[in-house]
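Structural characterization, general
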Amino acid sequence: VIITTRLLVSHMSGIRHYEKDITKVKEEKEKANRAFKLTKSHQDKNQKEKEGKGIEKTDCVKQKKEHVSETKCRNSKPGRNDKEFDQEEYYLKEKFESVIDSLKIFKNDPLFFKPGDQFLYSTYGFTLLSAVVERASGQKFTDYMLQMFRDLDMLSTVLDDNEAMIYNRARCYIYNKKGRLINAPYVDNSYKWAGGGFLSSVGDLLKFGNALLYSYQAGHFKDRNGQLLPGYLKPGTVAMMWTPVPKTEVSWDKDGKYAMAWAVVEKSQQYGCCRQQRHYASHTGGAVGASSVLLILPEELDPQALGTWPVAPPRGVIVTIICNMQSVSLNSTALKIAREFDKEKWAQ
């Protein structure tokens, strides 16, 4: 078989994730699909009943329902029922000197499927991708990334190295089996720098999001007297990264597809005066004792205004949340925040 970098970055390589048993992976996928179908069926049924009766719920009833849902969410214990973090490889304590060395964890394991046939999120696929970057650049992957972070002015983004003294490093927490809050266990993330081995801050992730959004939109704006600098990436490169890949799926937003290292929801609306999907790109992060999200909601640009200065990229809303708690779902919260800021912007 042939595994390309595009397959790696879209999680279609067939390389396993933390679970080594393909049967268990298939069972979990089937359960998730069944749960999604039941939820969708229930939602469609409620919609038909509402349309049949010609009655729409009042704002008061809607708010009450949302309040109950939020209360349940607040009272639930994050991480208690998350089976993924039962995998032993999340808790490796071995220090790997290079990304090439860390390939030994999975390099002799069979592929779960023929590359390109299916989607399976794989942290180890990104470990292999980091080895490709290392060989192609002629630099250690970690050196290459730290230089890139410096270019992006992300000076607080560093390796999650247990031995180093890192200013303002946060403590991480998990819930134990009894539902009590405890310190997260010691782990060494040197086996997966590319898939979860960096520490960052909200400010740095906002810089990263703005650099991507600027690069994405820069080609749409007219440059007046050389005042508009090029983006860190070419507009076409970001557009390619944010183009959904067929056969993929996204666990944190059923409307989305996976693209190249990003989950993407495309703009769509099936019926007038009904639900709209705005185009956005996001990615969540989950580690032992921590959760995160970075969401980019590009502004729907008016072609008439593109040539007028000082309108310039980046135009849109960037939301990032970093939480020192394991298994906290953050994408829907980030999307709600982004929509509120977007709504406020258009109201002004």
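Our subject is the structure that appears above.
From a predicted model like this one, the values you see are computed outputs, not experimental measurements.

Buried together is how nonpolar side chains tend to be arranged in soluble globular proteins. Membership of the largest hydrophobic core comes to 40 residues, with the highest contact counts inside it found for Tyr 124, Leu 212, Trp 242, Trp 262 and Ile 296. Those elements that place two or more of their residues in this core are α1 (5–9), α5 (123–137), α6 (141–151), α8 (202–217), α9 (235–241) and β8 (290–298). Apart from the residues within four sequence positions on either side, Trp 262 is in contact with Phe 208, Leu 212, Met 241, Trp 242, Lys 257, Ala 281, Ser 282, His 283, Leu 294 and Ile 296. Core analysis: the second largest hydrophobic core is formed by 12 residues, Tyr 280, Leu 295, Leu 297 and Ala 338 among them.

On to the environment of Asp 188, then. Mapped onto the elements, Asp 188 comes out in the loop between β3 (181–183) and α7 (193–196). For Asp 188, a relative accessible area of 6% corresponds to the buried category. In sequence terms Asp 188 and Lys 93 are 95 residues apart; their C-alpha atoms lie 4.8 Å from each other. Discounting chain neighbours no more than four positions away, the residues touching Asp 188 are Leu 92, Lys 93, Glu 94, Lys 95 and Asn 162. Within the structure, Asp 188 has its side chain in polar contact with the side chain of Ser 190 (distance 2.7 Å).

Our focus in this paragraph is a nonpolar patch on the surface. A cluster of nonpolar side chains, namely Val 1, Ile 3 and Leu 111, defines an oily patch on the protein surface of about 270 Å² accessible area. Mapped onto the elements, Leu 111 comes out in the loop between α4 (99–102) and α5.

Taking strand neighbours across the sheet as the criterion, the five strands line up as β5-β6-β7-β8-β9 in an open arrangement whose pairing is antiparallel. Edge strands, defined here as strands with exactly one partner in the open sheet, are β5 (257–258) and β9 (316–323). Packed on one face of the sheet, α8 meets β8 and β9 and runs near 150 degrees to β9. Seen against the sheet, helix α10 (residues 331–347) touches β7 (280–287), β8 and β9 and runs at an angle of roughly 150 degrees to β9.

Conventions used here
Residues numbered from 1 in each chain as written. Predicted model: local features only at pLDDT ≥ 70, side-chain atom pairs only at ≥ 80, totals over all residues. Heavy atoms only, no water. Core = buried A, V, L, I, M, F, W, Y, C linked by side-chain atoms within 4.5 Å. Buried < 20%, exposed > 50% of the residue type's maximum accessible area, 1.4 Å probe, protein only. Helix = DSSP H or I, 4+ residues; strand = E, 2+ residues; numbered from the N terminus. Contact = heavy atoms within 4.5 Å. Polar contact = N/O pair within 3.5 Å; in protein donor to acceptor, adjacent residues only side chain to side chain. Patch = residues over 30% accessible without salt bridge, like charges linked within 9 Å, V, L, I, M, F, W, Y side chains within 5 Å. Areas by Shrake-Rupley, 256 points an atom, 1.4 Å probe, with all protein chains shown as cover. Salt bridge = Lys/Arg side-chain N within 4 Å of Asp/Glu carboxyl O. Pairing = 2+ DSSP bridges. Axes fitted to C-alpha atoms, helices over the stretch in contact; angles between N-to-C directions.

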